[in-house]
Amino acid sequence: MENYTKYQLKAADELASVLSGVDDLFVVACNKCYKEYDTMVEPDLDAFLELAKAQGKNVTGAMRLDFLCNKTQTAKRLVDAIPEGTKNVFVVSCGLGVQTMAYVDELPTFAACDSINYPGHHGMALTKKRCDACAQCYLTTTGGICPIVDCSKSLVNGQCGGAKDGKCEVDPNKDCAWEKIQQRLEKQGRIGELTAQPVQVRDWSKVNFKVINDYVKAIRATRQEGWYGGIHPVEGKEPTEHLGLVRFPEPKTVVLPMSMHLGAPATPIVEVGDKVKVGQKIGEAAGFISAPIHSSVSGTVIAIEDRPHATRGTCLSVVIESDGLGTVHEDVKPNKPLEELSPDEIIEIVKNAGIVGMGGAGFPTYVKLKPNKPIEAVLVNACECEPMLTADHRMLLEFADDIIFGLQAEMKTVAAPKGIIVIEENKPDAIALLREKTAGLEGIEVLEVATQYPQGGEKMLIKRAMGRSVPSGGLPADVGACVSNVSTVKAIADAIRTGMPLVERVTTVTGKYIPNPGNFIVKLGTSAAELVAHCGGISAEDVTIKAGGPMMGFPQTTLDTPIMKGSNGIIAIDTDVTEPQECIKCGRCVDVCPMELKPLHFVKLAGASDWQGCKDMNIMDCMECRCCEYICSSKLPLVTMIKMGKNGVRGMK
């Protein structure tokens, strides 16, 4: 049986007839979708080129594309790809690919293939509405073959018994969809999944094609507003978004890892037995990309040893037993007013305060403030697009003046004429407050953006706020931008106004299995176990604990880890017990990847240890946002494989 691939070449005599009146051909072929993913290159293009050559035709060029029907990526790849002198374009794909090519290029476009019947509505899976061809997507259950559009009778419970020699009794020219489904699932060893499905009856009253067509047009007009890709996961912010910040009780002991930032770990400059105070430096930055560490309590150093770390397994840490007095170190004192500080002085304050990106990446902020390139705008990332977390939201509401002050300090440091506070539309109270606070402030605006994950990704934020694309391997400064998280600019304000280095942060503790969730101001080094216990503990067994949010958070095997500079959340959620299945090459991961990559290939390439292939497909551009894994019909561990691929690329000689 042929793989179900949505298209096959027309008969040779029909192609010869089409070719007879045209010449100077450019040929573009789609690497077929909805198929067993056993190869990255399909043979149909070569077969067509042989036929064209036999007809004496001049072929100006040819190229293969993944998911040709993806207009955004296809248009991007075709820029300057069609050679001069081309008069006609032949498309080796299904009808959707032909339509796409006709859309992106004005040359006469010819279909070299017959589409295998697939007339259903496309693009619906990326919205909150399901495809109303059936009101339920069966593609995972059926191995990528849609029984609604491929079965002439739109049966959902299996064969009708009316097929003869594999052909449908209603349409003898059409293969029986259910025979194809069964053969594919048997080949994949998945037939039991199908037979275990309950009997279903279709509700035809749900189908309204006019409504759906109007809906699709509206969605396509707005889905990629600002930037490509993204998803709309369940937000889950309701349990904590209305809860004010609460200062967490000072811990008896803090564990301060020497690595709470990107780059080289800090070097301890204290010894066991030393007395320390709040704000005292206990770890010295060990390089340009590094940051100092300060004590969050006053007390005695009782150990310097490896301790559990939320993202790195273990890490050299300074353990301090608090004396409960909260004595502040003598070096902690207010700086000069902002208007009297020079840019270099602000950079030094930020550097000495150990301030890093607090949205998760932990990049030393002082490095960002020395871009050596003109900066047009400082962007405050207040999107908090990660589901469930509300720490940044509460920061906006309760520390608005500090956030504005920190933004003004950054603008002065990088000589940016403009500051933009970017907030997702699901925080209307924060938008209203910040607009009120910034009214009349020169050069500062509050930009409301659509709620879409990962809107808070640095490159997405710049694309949405400034309409500029950071090049592959580039930095925000390359396009005149400097981006900082809400908590980061608040920390800058604290360092200037009070002299206090980064010794605490706001953390959300939430999730289905947290009885008393909340938003807390927490001393760095506080045990995550203490924080969770304060919220009532974990209310069930077989629960997944993550440091961070559900999308980009790190699963924890122990709660004996400390709160760090990037610890924006601790969540307790259901454990995913889904078993991965074989890739059905549906292309949904390509549709949602905000970095415009092709995640499905990384699984194959990394699995084969093809590190050069991973590099060639720009795996290092992946931000590990997990959109691809979230949308994957086969539940493949895409991010795990991507991390493997990145490590392989880093190890190449």
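Everything that follows concerns the structure shown earlier in this document.
Residues numbered from 1 in each chain as written. Predicted model: local features only at pLDDT ≥ 70, side-chain atom pairs only at ≥ 80, totals over all residues. Heavy atoms only, no water.

**Q** I'd like a description of the overall build of the protein, backed by residues and values.
**A** Summing up its helical and strand segments, the protein has 21 helices and 23 strands in all. Burial status across the protein gives 53% buried among its 653 residues. In the protein, the proportion of contacts linking residues at least 24 apart, taken out of those at least 6 apart, comes to 72%. Accessible surface for the protein amounts to roughly 28500 Å². Of this, 52% is attributable to carbon and sulfur atoms. (Helix = DSSP H or I, 4+ residues; strand = E, 2+ residues; numbered from the N terminus. Buried < 20%, exposed > 50% of the residue type's maximum accessible area, 1.4 Å probe, protein only. Contact = heavy atoms within 4.5 Å. Areas by Shrake-Rupley, 256 points an atom, 1.4 Å probe, with all protein chains shown as cover.)

**Q** Lay out the pairing of strand β11 (residues 281–284) with the relevant residues and their values.
**A** Pairing of strand β9 (residues 267–268) with β11, which is carried by two bridges, proceeds in the antiparallel orientation. Across the sheet, the residue bridging to P268 is G283, located in β11. (Pairing = 2+ DSSP bridges.)

**Q** Would you mind going over the nonpolar core in detail, with residue names and values included?
**A** Ranked by size, the top nonpolar core spans 64 residues in total, and within it I282, I320 and I496 carry the most contacts. Split by domain, the residues of this core number at least three in each of domain 2 (242–332 + 503–574) and domain 3 (371–486). Residues contacting I496, with those up to four places away along its chain left out, are P334, N335, K336, L338, L341, I346, I349, F405 and A409. One finds C586, V590, C632 and L636 within the second-largest nonpolar core, a separate group that totals 29 residues. (Core = buried A, V, L, I, M, F, W, Y, C linked by side-chain atoms within 4.5 Å. Domains from an automatic or database assignment.)

**Q** A description of the environment of D429 should follow, citing residues and the corresponding values.
**A** Take D429: it is sitting in helix α13 (residues 428–438). Of the residues examined, D429 reaches a relative accessible area of 38% and is grouped as partly exposed. Along the backbone, D429 and L396 are 33 residues apart, and their C-alpha atoms lie at a distance of 9.3 Å. A polar side-chain atom of D429 sits 2.9 Å from a polar atom in the side chain of H393. (Polar contact = N/O pair within 3.5 Å; in protein donor to acceptor, adjacent residues only side chain to side chain.)

**Q** Now, about α13: what can you tell me, with residues and values included?
**A** When α13 is considered as a whole, its buried residues turn out to be A430, I431, L434 and T438. Projected onto a plane normal to the axis of α13, the buried residues spread over an arc of 100° and lie on a single side. Residues of α13 that are exposed and point more than 90 degrees away from the buried face comprise P428 and E436. Taken together, the buried residues of α13 touch α11 (391–398), α12 (400–414), β16 (418–424) and β17 (444–449). With its phi angle positive at about 90°, G440 sits one or two positions after the end of α13. (Arc of directions from axis to C-beta.)

**Q** Talk me through the side chain of R394; I want residue IDs and the actual numbers.
**A** Relative to the helices and strands, R394 is located in helix α11. What makes R394 buried here is its relative accessible area of 11%.

**Q** Could you give an account of helix α9 (residues 343–352), naming the residues involved and the relevant values?
**A** Among the residues of α9, I346, I347, I349 and V350 are the ones counted as buried. Along the long axis of α9, the arc covered by the buried residues comes to 160°, so they all point the same way. The secondary structure elements touched by the buried residues of α9 are α10 (365–368), α12 and α15 (486–497). One or two residues past the end of α9 sits G354, with phi positive at roughly 70°.

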